[in-house]
Structure formats: C-alpha cells, structure tokens
Amino acid sequence: GGEHFMEDLYHAGGIPAVLKRLGRRIKSNPTVSGLTTKQIAAGAEIYDSDIIRPVSRPYHKEGGIAVLRGNLAPEGAVVKQSAVARKMLKHTGQAVCFDSEEESMKRIMAGGVKPGMVVVVRYEGPKGGPGMREMLWPTAAIAGLGLSESVALITDGRFSGGTRGPCVGHVSPEAMAGGLIGLVKDGDRITVDITNRRLTLEVAEGEIEKRRAKWKAPSPKIKTGYLARYAKFVQSAATGAILET
C-alpha cells in the first residue's frame, strides 16, 4: 500500500532484516535452513532504514490487514486497510449484486457502477468458486475507471496483494454455504466501517429471515472431477478453507 515495491524490500535487507527489526518480539522457531528465526535475525543487515523502519517509527499505527465482522461476515472478512483512502475508511452505499466475477465485469465495463455504490460479488468462495477465486479483474477495473475512492467491493472470493481501495474479501460464511452475502439485493444499504471493524447489511432482521426462508443454493458450477469433490468438502475461508470429510 505504499510507495515501495517488493524488490525494494529485498535490497533493504529482506525478511531477515524485518526479523531483526522485530527483535525480542519474534520467537526462536526452527526453519528449513537449519537456523532458527532468531539466528537469521542476528545475521541480517538493514541497508535502508526508511524502507525497513524501526518499531518506534512505523508507517502506520496498525498493520496493513484488518478483519471486519458484522451480520454480513459473522466469521470475519479481510481488507487491506493500508491501501484504502482515508475518506473511504467508513462508507455506506447501495448494493449492486453479481453472482460471478464475469457478471460483475460486464456491468462495470458498461459503466453500470457509479460512485457511492457497494459492489457485491458472491458465489466465488471456496465452495462457490470453487476454490476461492481471485477478484483481480473487478478491482482492477474499478481502480482503472477512477472509482477506487468512491466505490467499495465486497466478495466471498479473495484478493491479491496488489488490490487497492475498500475491497473486502474472504467474507465468511460464503454465499454457497448460506451466508448472508447471498441474500443481499440490489439497492440494499451496506456499511463498510474499517475503523470500527464492522461490515453490516442495513436490512431489518425480519426481512432477512423472509429472504433466508426462500433461498436455495444454486447448482454447483462444476459437477464432476476433483473440483466437485473439493467443493463438497471444503470449509469456510475462516477455517483456512480446510477440507473435512
């Protein structure tokens, strides 16, 4: 979320230098190199103190990742808060919903997403994807259209490290497992409150229960082979998308 790239971190000393900065905060764990983490840290050099800063002079008071919870994500959702504009740390807008990444791209590229909206891309989680697809194209399109400081995106899919803006992923439970993200309708108001770690669908509980009573899981996208088997046994993203039989 900053001005430097991964190669800058490497030339500044890399992860060993980061371990050195953390000092007593790290444990002495074994690694595949044969050295412990503390031994690696002891032998590291820090070549650029602006890229790998001391703990007393961090870039941000908090880490780059925030976990949000609320009725839309009782098991949690993840956002890269360090790449979100200050004015978008809290955003309430009308939902525009899509049941796949491909659907969302058609609408975004046709100019159907306007400032203030909250784009909902669902059925892309571990079960729905299947495999928890990366929502690279919708987030890149929103940024490319100059909307990353006026439009939020939430999904039960995942993101890469290059994502910018209020993009909330890993929403759990996912739509395919009956999560509330699957019951959102166009025009519903959604609040993304990163500062207070909340993700909320602003719809009355009675209305939510009516929708839940009518909901049926859609047919799996893939019905045979390993991916069908994976979709059947994979658990929530909140568990690390583990398999349980």
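Predicted, not measured: the structure shown is a model, and the values here were computed from it.

Caption draft 1: Focus on helix α7 (residues 225-233). Every buried residue of α7 is accounted for by A228, Y230 and A231. Buried residues of α7, viewed axially, fall in a sector of 160°; they line one side. For α7, exposure combined with an orientation more than 90 degrees from the buried face picks out G225, Y226, R229 and K232.

Caption draft 2: Local environment of the pattern of salt bridges. As enumerated under the stated definition, the model contains 12 salt bridges in all. Of the charged contacts, one joins D50 and R53 as a salt bridge, the two residues approaching to 3.2 Å between their closest N and O atoms. A residue is classified by how much of its surface remains accessible, and R53, at 24% relative accessible area, is partly exposed. The salt bridge involving D188 is made with R211; its shortest N-O contact spans 2.6 Å. You can see D188 sitting in the loop between β6 (167-172) and β7 (189-193) and its partner R211 sitting in helix α6 (residues 205-214), a full 23 residues away along the chain. Accessibility classification places D188 together with R211 in one group, the buried group. Three or more residues joined by partner-sharing salt bridges are found here, namely E101, E102, E124, R133 and K221.

Caption draft 3: Looking closely at the pairing of strand β8 (residues 198-201). By the bridge criterion, four bridges tie β7 to β8 in an arrangement that is antiparallel. Within the sheet, the bridge partner assigned to I190 lies in β8 and is L201. Hairpin remark: β7 followed by β8, antiparallel, with four residues in the connecting loop; positive phi at R197, about 60°.

Caption draft 4: A look at the environment of A44. With respect to the helices and strands, the residue A44 is situated in the loop between α3 (37-42) and β1 (65-70). Looking at A44, the relative accessible area reads 7%, which means it is buried. Through-space distance from the C-alpha of A44 to that of L22 is 12 Å; in sequence the pair is 22 residues apart. Residue contacts for A44: discarding those within four places in its chain leaves P16, A17 and K20.

Caption draft 5: Focus on the pairing of strand β2 (residues 73-80). Sheet topology note: the β1/β2 ladder contains five bridges and is antiparallel. The residue bridging L68 from the neighbouring strand is A77, located in β2. Count of turn residues in the β1/β2 antiparallel hairpin: two residues. Bridge count for β2 against β6 is three bridges, and the pairing is antiparallel. Residue pairing across strands places V79 opposite V168, the latter belonging to β6.

Caption draft 6: Region of interest: a nonpolar patch on the surface. Taken together, the side chains of I222, Y226, L227 and L243 define a hydrophobic patch exposed on the protein surface, amounting to about 370 Å² of accessible area. Classification of I222 as partly exposed rests on a relative accessible area of 32%.

Calculation notes
- Residues numbered from 1 in each chain as written.
- Predicted model: local features only at pLDDT ≥ 70, side-chain atom pairs only at ≥ 80, totals over all residues.
- Heavy atoms only, no water.
- Buried < 20%, exposed > 50% of the residue type's maximum accessible area, 1.4 Å probe, protein only.
- Helix = DSSP H or I, 4+ residues; strand = E, 2+ residues; numbered from the N terminus.
- Arc of directions from axis to C-beta.
- Salt bridge = Lys/Arg side-chain N within 4 Å of Asp/Glu carboxyl O.
- Pairing = 2+ DSSP bridges.
- Contact = heavy atoms within 4.5 Å.
- Patch = residues over 30% accessible without salt bridge, like charges linked within 9 Å, V, L, I, M, F, W, Y side chains within 5 Å.
- Areas by Shrake-Rupley, 256 points an atom, 1.4 Å probe, with all protein chains shown as cover.

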